[in-house]
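Inside the fold
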Amino acid sequence: MAADSALLLSLVEEYVSGLQDSKAKDTAKGVKDGQFTVLQLVEALGLSLTSSQPHTRARGVQLLSEVLQECYGGLTEREVEVLIAFYENRLKDHYVITPPVLQGLRALTKCTVLPPGSAVSMLRSLFQDVHVQVRLDTVNCVFLFDSSTELKGLGADFVFGFVQSMDGERDPRNLLLAFQVAKNIIHRGYDLGKFTEELFEVTSCYFPINFTPPPNDPHSITREELVQMLRDVLAGTPQFAEFLLPLIIEKLDSDVLSAKLDSLQTLTACVSQYEHKDLAEFLEGLWVSLRREVFQTSSEKIESAGLAALTALTSCLSRSVLNSDSEDSLCTFLDLVLKDCRHHLCEPDLKLVWPSAKLLQAACSASSRASHIITSAVMPSLIEQYNSKTEVNVLLSLERKSNWVQGEFRPSLVFLAFRPSLCSMVFSALTETNASLQITATSVLTSLAQQTGEMNSSIHSCQQSQICLAVVECVGALAELHPAAFIAKLIPRLKKEIEASEQQSLQAVRQRCMSALAAMSTQPGVVQESTPVLLEVLSSAHTGSVGFSVEEVVAACHSLQRIAEQVQDTEETGRCFHDVIIPRLLSLALQAALQGDTVRAFFMRFVWFPSGGFHFIRLAGQTALKAVSLFLDGDVSFLPDNSFPSHIGLLKQQGDSWSQSQMVCLLMGCVCSLPRSVEVPQMDQLLSQLEEMSCTCSHPLSYTSAAKCFAGLVNKRAQGQLVSLLSCYIFYLTNFLFPVSSCFQVAKALLLRYHPLFTALTDKLFSLLDDADLGPMAADGFSLLMSDSPDVLNRGCHADVRIMYRQRFFSENSAKLVQGFNAAPQEKKPNYLKALSNIVNKLPKQVQVTELPTASHLQILLSLLLEALSCPDRGVQLSTLSCLEPVLVDPPPALIQQLEALVGRLLPLTSSPSMNVRIASLRCIHAVSLFPVHEVLPFRARVLRALARPLDDKKRLVRIEAVQARAEWFLLGSPGGR
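Along each chain, numbering runs from 1 in the same order as the chain's sequence is written. Per-residue local features of the predicted model are confined to residues with pLDDT of at least 70, and side-chain atom pairs are confined, for both listing and counting, to 80 or more; whole-chain, interface and lining totals are unaffected and use all residues. In computing side-chain values, all of the structure's heavy atoms are included and hydrogens and water are not.

An unreviewed UniProt entry lists the protein under the name MMS19 nucleotide excision repair protein, with Dicentrarchus labrax given as the organism. The UniProt entry for the protein carries the following comment under Subunit (unreviewed entry): "Component of the CIA complex." UniProt positions are given in the numbering used here, feature names are shortened, and annotations may be inferred rather than shown by experiment. Here the protein is described in UniProt, under the heading Sequence similarities (unreviewed entry), as follows: "Belongs to the MET18/MMS19 family."

Structure below.
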């Protein structure tokens, strides 16, 4: 025990007199281990705490406070009470002791055994004895204490003490804490009493916040944080209304845009907490200020904030509960709005038409009641003048806006009385040449139909694409509300238009009608009526009964595709697609193929692919069974209009004819888009046939589609079942007896899932780069390997795609590519350069920036990329430039070392016959100018001479890049430059 006492005295002496701060942790450890108690520590500090030297006393208190920060959890209630009394007494001591005292008090507030009344006692001592303002610790302590429910017992005294401690504060750190405390005072229901105005004054004196953080601010306090925290305080209680609203009106007269914006946003925030009685006295002043900011705005932000404030203000007034003897504040306020805005809508001088309309729209959107009051007041006068097209647009916009209340669609019954006139105006506007007016009218037509429950006449003749899109969107919205009306009226009308518009000049009408059919087909009943019309288009195109063009066949296919993507996935729609639409499409495609109409058969795949399993998963397996049976066994029994031969070989090329073998592209849509959980029937036989076809067929579309289909199935196949499957590919690859693209499709399927066989297949593919005939095709194949697949091998078709597969391929194979390049004869090196360029170019840009500078063989890799710039293939040049551009933004040291070679290869490319190469090379030269000045300055004169020619390039885009690059190089080394 004596040893422990001696140790404690030694620790105290070394900390206080020896100024060894580390002894505080040793002391805290001793308390935690039970060698001595906190009270024993206080006794050991006796001489230090009673020293005549303030700094010695401060060191003693500091040691005690640091120990308490570590050991407050083990204190008893009695010990806490004694320590609080000790610290409160120390607050009366010299000011140098105050910081460690506050530190100790902060530690004691964390104790779970805090004696009752202690928080109030500590706070009173702080307010009475800590006389130094602008102390972060003081405000921080107040912030910690204000969570105690005991403090509410202080009532207004607490508010007064806080006001005193905050008054005159300038430090942003303290202000942020002080605003937080004030916010808690308000939100936790503290009684502000007679100090309401004082609390408002001490916080509002900082409004609006004008603060710019210093450079490299270690505290990271932003203006936005201060603004938001102060706004939460000012808008936190209606008790501030009588002080805040006049202040906002005053600040809105400011010429500082940030002050205006802050004032408007604060007004929007505060009125959400207020009642109409809080606003009544200031409504006229607020309206005058808001009107001015919209009528005389110089900033879109100010205008938007002013309109938002008007909406919030009107919404607040709309919440008022009227008594028999109370004034209707909403009507009073809207009378002011209408008085100042209504007459502008009808004046010949249109300068204030749109600002007035915006103000009315903002007020309309606040509540249904406000919408009713305003529209009832302005509609009659606007309708009388609807011949003025500007007023028509104002009216239509106002009608559309008045139906949206607080972001929710709420049709206003007031428009029922004006429905005939509005419909007349809408249809009149749709015949105008003003595209904006037509688009607005289309939107209003949708709103009118949603309000009235009646079906209005459809729209057929629009010439501009934006208007057509608006009309189609309108059709889709109306069809969801009135499917029966569309089935009975619009679909027959569109069918008639499609069949009647045989003239070449009216083909656009047919395509628009097909787009409208697709847009309206979201519900099962509509789909069952609309899809036969589109299928009839395809059938008529095949038979030649109606002269449909290839573009119209594609439009019909795309319309069916859109329906498949958007229709509700129900049993009814699933049966419609899998029992009717898909068999019919297969039948039409097969008829076209057998008759040699390859164009029609090819375009069927546009709709077949996404509808063969991407939707309606419950029935996809049944459709796959039928399709596989068709392609393997020639089973045509499920196809409508069955006039086909009993056995047809769709996976066999019949001599030189490929009309049937090309149908394999339709098989992809059925089997490759299935989820991995759905089993493909006759998988082994199907894979065998596809493998043989992809390796032996001579027709490009046939063998490419077969390879894609094979790759899609291999990607989802269980890992142990693939070795034997790929034997044929390895054989053909070894003996160079195959289409190169087919093997790259299979390699991509393995790469996406990180399959071990991919390494062996990749090595074989790299070996092709040395082949005189196949080398260029193999180099192009690496672009396919690294690109996103648009059809089979993507997540949309449930392929097994692992993350970062491109990065993995690059990191594992770039060294092999470098070695192959070094070992290859000179005439084969371009193949390696092209392959490298294709691989690097398909890496994500961010990966290029991170992977290339960290590659272990970076020096050699960069040399190859620079060598690729000299390759005569313009595709390789453009691909390599695209690779280099992001790397040049933050160049690795190895690239700076090769600056001579880089500049020497970039400058000739600025005169390339290819415009894209010229533009890319100029961008790279521009990026090089941002290298360290001492590195690039020697090249300045040479580059400026070379850039003179692109300044006169015949292409404007090239000249723009040349001007920017030359200007940057011209400023190098000058006083105004870098």
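Quick notes on the overall build of the protein
Regarding its fold elements, the protein presents 51 helices and 2 strands. Burial here depends on accessible area, computed with a 1.4 Å probe over protein chains only, as a share of the maximum for the residue type. Under 20% is buried, over 50% is exposed, and the range in between is partly exposed. A total of 978 residues make up the protein; the buried ones form 54% of that total. Working rule for contacts: check all heavy atoms of both residues, and any pair within 4.5 Å makes them a contact. Within the protein, contacts between residues separated by at least 24 positions form 73% of all contacts whose residues are at least 6 apart in sequence. Secondary structure elements follow DSSP: runs of H or I of four or more residues count as helices, runs of E of two or more count as strands, with numbering from the N terminus.

Points about the packing of helix α17 (residues 283-295) against helix α20 (residues 353-364)
Angles shown run from 0 to 180 degrees and are taken between the N-to-C directions of axes, each axis being a line fitted to C-alpha atoms and, for helices, limited to the stretch in contact. Orientation of α17 relative to α20, taken along the N-to-C sense of each, is 135°, at an axis distance of 9 Å. On the basis of their axis angle, the class for α17 and α20 is oblique. You can see that α17 and α20 cross each other, and the crossing is right-handed. Taking contact as the criterion, the partners of Trp287, Val294 and Phe295 in α17 are, on α20, Pro355, Ser356 and Leu359. Ten residues, namely Ala, Val, Leu, Ile, Met, Phe, Trp, Tyr, Cys and Pro, are considered nonpolar, four, namely Asp, Glu, Lys and Arg, are considered charged, and the remaining ones, Gly among them, are considered polar. Split into classes, the residues belonging to the contact of α17 with α20 amount to 5 nonpolar, 1 polar and no charged. Angles are sorted into four bins: roughly parallel if under 35 degrees, roughly antiparallel if over 145, roughly perpendicular if 65 to 115, and oblique for all others. Handedness of each helix crossing follows the sense of rotation of the near helix against the far helix: counterclockwise by less than a right angle gives left-handed, clockwise gives right-handed.

Some remarks on the nonpolar core
Counting 122 residues, the largest nonpolar core has Val671, Leu686, Leu690, Phe782, Val928 and Trp969 as its most contacted members. A total of 9 residues in this core trace back to one element, the largest contributor, which is helix α38 (residues 740-752). Not counting residues up to four positions away in its chain, the partners in contact with leucine 690 are Leu651, Val664, Leu667, Ala706, Cys709, Phe710 and Leu713. With 116 residues, the next largest nonpolar core counts Leu11, Val101, Phe207 and Leu345 among its residues. What is meant by a nonpolar core is a set of buried Ala, Val, Leu, Ile, Met, Phe, Trp, Tyr and Cys residues, joined one to another through side-chain atoms within 4.5 Å.

Here's the deal with the packing of aromatic side chains
Two rings from Phe, Tyr or Trp (for Trp, the six-membered ring) form a pair when their centres sit within 6.5 Å of each other. Planes less than 30 degrees apart are called stacked, planes more than 60 degrees apart edge-to-face, and all others tilted. Within the structure shown, the criterion is met by 9 aromatic pairs. Ring pairs connect the aromatic residues Phe744, Phe758, Phe766, Phe782 and Phe809, which therefore count as one cluster. By definition here, charges over rings are those cases where NZ of Lys or CZ of Arg is within 6 Å of the ring centre and within 35 degrees of the ring normal. Sitting over the ring of tyrosine 15, arginine 59 keeps its end group 4.1 Å from the ring centre. Sitting over the face of the ring of tyrosine 754, arginine 808 holds its NZ or CZ atom 4.1 Å from the ring centroid.

Side note on the environment of cysteine 672
Relative to the elements of secondary structure, cysteine 672 occurs in the loop between α34 (664-671) and α35 (683-696). Sequence separation between cysteine 672 and leucine 713 is 41 residues; the distance between their C-alpha atoms is 6.2 Å. Sequence-distant contacts of cysteine 672, defined by excluding residues within four places in its chain, comprise Lys708, Cys709, Gly712, Lys716, Val792 and Cys797.

Section: the pattern of salt bridges
Salt bridge, as used here: a side-chain nitrogen of Lys or Arg that lies within 4 Å of a carboxyl oxygen of Asp or Glu. Evaluated as defined, the whole model comprises 29 salt bridges. A salt bridge links arginine 808 to glutamate 812; the shortest N-O distance between them is 3.0 Å. Residue arginine 808 and its partner glutamate 812 are both found in helix α41 (residues 805-823); the two are separated by 4 residues, about one turn of the helix. Linked through salt bridges whose partners overlap, the residues forming this network are Asp253, Lys260, Arg292 and Glu293.

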